[in-house]
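# Overview (structure and organization)
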Amino acid sequence: MSDPFVVVGGDAAGLSAASKCRRTDPERDVVVFEKGEWISYAHCGTPYFVKGEVDRLDQLLSLSPDEAEERGIDLRRGHEVVAVDADAETVTVESEDTTFEQPYGDLLIATGARAVSDPIEGASLDGVFTLHGLDHAAAIRAYLTPPAAFDVADLGGGDALDEPAVLRYGELTPPETVAVVGGGYVGVEMAEAFEAWGLDVHVFQRSELLVPGFGETVGEEVARALREAGVTLHLGEEVVRLRGDDGRVAGLVCESGAELAVDAALVGIGIRPNTGLLEGTPVELGGSGAVATDAYGETNVDGIFAAGDVAEMPQTVTGDPTWDPLGLPANRAGRAIGATVAGDPTPTGAVANTAMVKAFDLGCGRTGILDHDRAREAGFDPVSKTITAGSRSGYYPGAAETTVTLVADRDTGRLLGGSIVGTDRAAVRIDTVATALGGEMSVAELERQDLGYAPPFSPVWDPVLVAAKVLNGSLD
Ligand code: FAD
């Protein structure tokens, strides 16, 4: 093994890269080190596993260890890379019983991100969770399941499951009141999951707006949907402390002095890129704290690449580096890097920060630049319009209001971003806006796109076209 492609991290970015490299150059040695036991798992499905909509953890896996080996990938689970020596071109790897140096020809850092909870005192109490990985999801579902109905085999975790933690939670009396700390997309998805178990759900959000990255219109609609579903919102309340009773969470305290008795808490206040491995190496981080990369995902050090939640990528509208810790950018950048190191140079592409979230019956989407201050910082003169239009022909069953906001640059008419919210397949309509951003379209060009029309799917004028027409009119 003279010139191996070594990958650190065995999930979306890492295994996409490893698989693509082997497919492009079947002769190349590819080694993947994963510190945990799970590989190729869908974080994104974990709220729905907790809710019970997805039955088993193994439904969230896309590639098994055997399938990875069949692709010719030398997969080492339970192996943590603890150091990188960029001069010697080696990494130091620790497993349960050994530590060794692994030489590399090319190296990919695909170590992802971690959930942050430390600003909140008491976050290590029993009954306090973050949701970052399948073991977290399994522990939460075990806690929610009454002990008489709990069977660890039902979780579908197999050998990879952290069984001691899950068994311990499976024996506890299920909680009745839960605090969701943080009203971002994970908090909103988890509020829905807890509500499905019949809990008294309280969401605490430091700002006045839920899912702030989706803008004001969407945030207000999400708040309405949560309230209608029976969730209590505490907006403008910052949780500073979780207090315990005999090691288990019993309540929370806000900066305002407000308190609430709870017997479970989900902390979803953000994530940070796992860059610790690169400390002391010449690999540079960008302004976001994630690894700075070029158009091919390569860092400032030749032969060292970074992809996924640990790395920055160029933003579609501005071209500036952005940190966009989401699934498609991770898979796509990993795949591109796999091709590049196998001899087929492939750009990772730009990201428009496109995202979707479900809040009970509501679907929400966002893409590009919505925030006017951010648009001004990027040198634009932003103008936006919000419209509400039908999702299908008015006479066709199922038609529902869809609210679209579009933002454009006043001088050039260039489309900068948009958001969509509604109950009838609204979120997926954001892909039209994202595609227009990718094509650097003006609002006038978007207005002239030939989108599909048939009563069951869309009115003659798709809500995105209505928004483009109104915004374009305001630019004239
Ligand atoms: P990860 O998936 O975090 O994988 C990194 C891997 O590296 C981990 O397995 C870790 O154990 C391993 N590792 C770390 N350090 C080392 C080391 N030193 N040595 C060896 N191994 C190491 N995105 C969307 O686009 N849509 C969604 O709906 C969505 N929902 C989400 C819901 C939740 C609850 C969460 C947590 C995330 C969600 N995401 C969503 C984000 C998406 O899951 C991530 O963007 C994606 O998983 C990133 O992939 P990655 O490979 O970069 O990192």
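Just so we're clear, the structure is a prediction, and the values are computed from it rather than from any experiment.

### Thoughts on the overall build of the protein
If you tally the helices and strands in the protein, you get 12 helices and 25 strands. Relative to the globule expectation of 23 Å for 476 residues, the C-alpha radius of gyration of the protein, 23 Å, shows essentially globular dimensions. For the protein, the spread of C-alpha atoms along the principal axes amounts to about 65 × 55 × 40 Å. Taken over 476 residues, the protein has a buried fraction of 53%. Surface exposure of the protein reaches about 20,300 Å², of which carbon and sulfur atoms provide 46%. The centroid of the 34 positive side-chain charges in the protein is displaced by 6 Å from the centroid of its 77 negative side-chain charges.

### Some points on the site of the ligand
The environment of the ligand is formed by 29 residues, the closest being Asp-11, Glu-34, Tyr-41, Asp-309 and Gly-327. Here an oxygen atom of the ligand sits 3.2 Å away from a polar atom, N or O, in the main chain of Ala-12. In this structure, an oxygen atom belonging to the ligand sits 2.6 Å away from a side-chain N or O atom of Tyr-41. In isolation the ligand exposes 1,000 Å². Once the protein is present, 89% of that is buried. Elements with a contribution of two residues or more to the shell around the ligand: α1 (12-24), β2 (30-34), β4 (80-85), α6 (185-196) and α8 (327-341).

### As for the sheet that holds strand β21 (residues 355-359)
On the basis of which strands lie adjacent, the open sheet formed by 5 strands has the order β21-β22-β25-β24-β23 and antiparallel pairing. Each end of this open sheet is capped by a strand with a single partner; those strands are β21 and β23 (382-390). Put simply, the sheet's adjacent strands are angled 15° from each other on average, direction ignored. The pairing of strand β24 (residues 401-409) with strand β25 (residues 415-422) spans 7 bridges and is classified as antiparallel. The partner of Thr-405 across the bridge, within β25, is Ser-419. The strands touched by helix α10 (residues 430-438) are β21, β22 (362-368), β24 and β25; relative to β25, the strand with the most contacts, the crossing angle is about 175°.

### Observations regarding α1
The first and last C-alpha atoms of α1 sit 18 Å apart over 13 residues, in line with the 18 Å expected at 1.5 Å per residue. Counting buried residues along α1, 10 of its 13 residues qualify, which places the element largely inside the surrounding structure. Among the structural elements, β1 (5-8), β2, β7 (106-109) and α8 are those in contact with the buried residues of α1.

### Side note on the environment of Leu-63
Along the polypeptide, Leu-63 turns up in the loop between α2 (46-51) and α3 (65-70). Sequence-wise, Leu-63 and Gly-319 are 256 residues apart; in three dimensions their C-alpha atoms are separated by 33 Å. Beyond its immediate chain neighbours, meaning those up to four positions away, Leu-63 contacts Leu-15, Ser-19, Ile-39, Ser-40, Ala-68 and Arg-71.

### Examining the domain arrangement of the protein
Frequently, the measure chosen for interface size is the accessible area that the parts lose on association. Domain annotation of the protein identifies domain 1 (128-269) and domain 2 (361-475). On a C-alpha basis, the centres of domain 1 and domain 2 stand 33 Å from each other. Domain 1 puts 8 residues into the contact, and the matching count from domain 2 is 11 residues. Between domain 1 and domain 2 lies a buried interface of about 670 Å² when both sides are counted; carbon and sulfur atoms form 75% of it. Interface area lost by domain 1 to domain 2 is led by Phe-214, Thr-217 and Val-218, which between them contribute 59%. Taken together, the links from domain 1 to domain 2 amount to 0 salt bridges. Of the residues contributing to the side of domain 1 that touches domain 2, the split by class is 4 nonpolar, 3 polar and 1 charged.

### Remarks on unusual backbone geometry
Peptide bonds are, in most cases, trans, and in most cases residues other than glycine have a negative phi. The phi angle at Glu-89 is positive, at roughly 55°, despite the residue not being glycine. Inspection of the secondary structure assignment puts Glu-89 in the loop between β4 and β5 (90-94). Judged by its relative accessible area of 36%, Glu-89 is partly exposed. Its identity is not glycine, yet Asn-353 carries a phi of approximately 60°, on the positive side. Residue position: Asn-353 is located in the loop between α8 and β21.

### Here's the deal with the pattern of salt bridges
The tally for this structure, following the rule as stated, stands at 18 salt bridges. Residue Glu-228 pairs with Arg-224 through a salt bridge whose shortest N-O separation is 2.9 Å. Remark: Arg-224 and Glu-228 occur in helix α7 (residues 215-228); sequence separation between them is 4 residues, near one turn of the helix. Taking the relative accessible area as the measure of exposure, Arg-224 reaches 41% and is therefore partly exposed. When the shortest N-O distance is used, the salt bridge between Asp-373 and Arg-376 registers 3.0 Å. Of the two residues, Asp-373 and Arg-376 both sit in helix α9 (residues 372-377), 3 residues apart, roughly one turn of that helix. A network of salt bridges, in which partner residues are shared, links Lys-51, Glu-53, Glu-192 and Lys-358.

### So, a nonpolar patch on the surface
A contiguous nonpolar patch, built from Tyr-395, Tyr-396, Tyr-453, Val-460 and Trp-461 and spanning about 560 Å² of accessible area, is present on the exposed surface. Residue placement: Val-460 occurs in the loop between α11 (443-447) and α12 (463-475).

### Things to note about the packing of helix α4 (residues 134-144) against helix α5 (residues 163-171)
Orientation of α4 relative to α5, taken along the N-to-C sense of each, is 20°, at an axis distance of 7 Å. By the angle class used here, α4 and α5 are roughly parallel. With respect to the hand of their crossing, α4 and α5 are arranged in right-handed fashion. Note on element contacts: α5 touches α4 through Val-166, Tyr-169 and Gly-170, opposite Ala-138, Ala-139, Ala-142 and Tyr-143. Among the residues making up the contact of α4 with α5, the classes are represented as 6 nonpolar, 1 polar and no charged.

### With respect to the nonpolar core
Counting residues in each nonpolar core, the largest one holds 54 residues, and the members touching the most others are Leu-57, Ile-140, Leu-155, Phe-194, Val-222 and Leu-226. A total of 8 residues in this core trace back to one element, the largest contributor, which is α4. Counting the residues that make up this core, at least three belong to each of domain 1 (128-269) and domain 2 (361-475). Look past the residues within four positions of Leu-226 in its chain and what remains in contact with it is Val-188, Ala-191, Val-203, Leu-210, Val-231, Leu-233, Ala-359 and Phe-360. Phe-380, Val-383, Val-407 and Ala-436 belong to the second largest nonpolar core, which has 30 residues in total.

The rules behind these values
- Residues numbered from 1 in each chain as written.
- Predicted model: local features only at pLDDT ≥ 70, side-chain atom pairs only at ≥ 80, totals over all residues.
- Heavy atoms only, no water.
- Helix = DSSP H or I, 4+ residues; strand = E, 2+ residues; numbered from the N terminus.
- Rg over C-alpha atoms; globule rule 2.2 N^0.38 Å.
- Buried < 20%, exposed > 50% of the residue type's maximum accessible area, 1.4 Å probe, protein only.
- Areas by Shrake-Rupley, 256 points an atom, 1.4 Å probe, with all protein chains shown as cover.
- Lys, Arg positive; Asp, Glu negative; His and termini not counted.
- Charge placed at Lys NZ, Arg CZ, Asp CG, Glu CD.
- Near = heavy atom within 4 Å.
- Polar contact = N/O pair within 3.5 Å; in protein donor to acceptor, adjacent residues only side chain to side chain.
- Pairing = 2+ DSSP bridges.
- Axes fitted to C-alpha atoms, helices over the stretch in contact; angles between N-to-C directions.
- Contact = heavy atoms within 4.5 Å.
- Expected span 1.5 Å × (residues − 1).
- Domains from an automatic or database assignment.
- Buried area = accessible area lost by both parts, 1.4 Å probe.
- Salt bridge = Lys/Arg side-chain N within 4 Å of Asp/Glu carboxyl O.
- Nonpolar A, V, L, I, M, F, W, Y, C, P; charged D, E, K, R; others polar.
- Patch = residues over 30% accessible without salt bridge, like charges linked within 9 Å, V, L, I, M, F, W, Y side chains within 5 Å.
- Parallel < 35°, antiparallel > 145°, perpendicular 65-115°, else oblique.
- Left-handed = near helix turned anticlockwise from the far one by under 90°.
- Core = buried A, V, L, I, M, F, W, Y, C linked by side-chain atoms within 4.5 Å.

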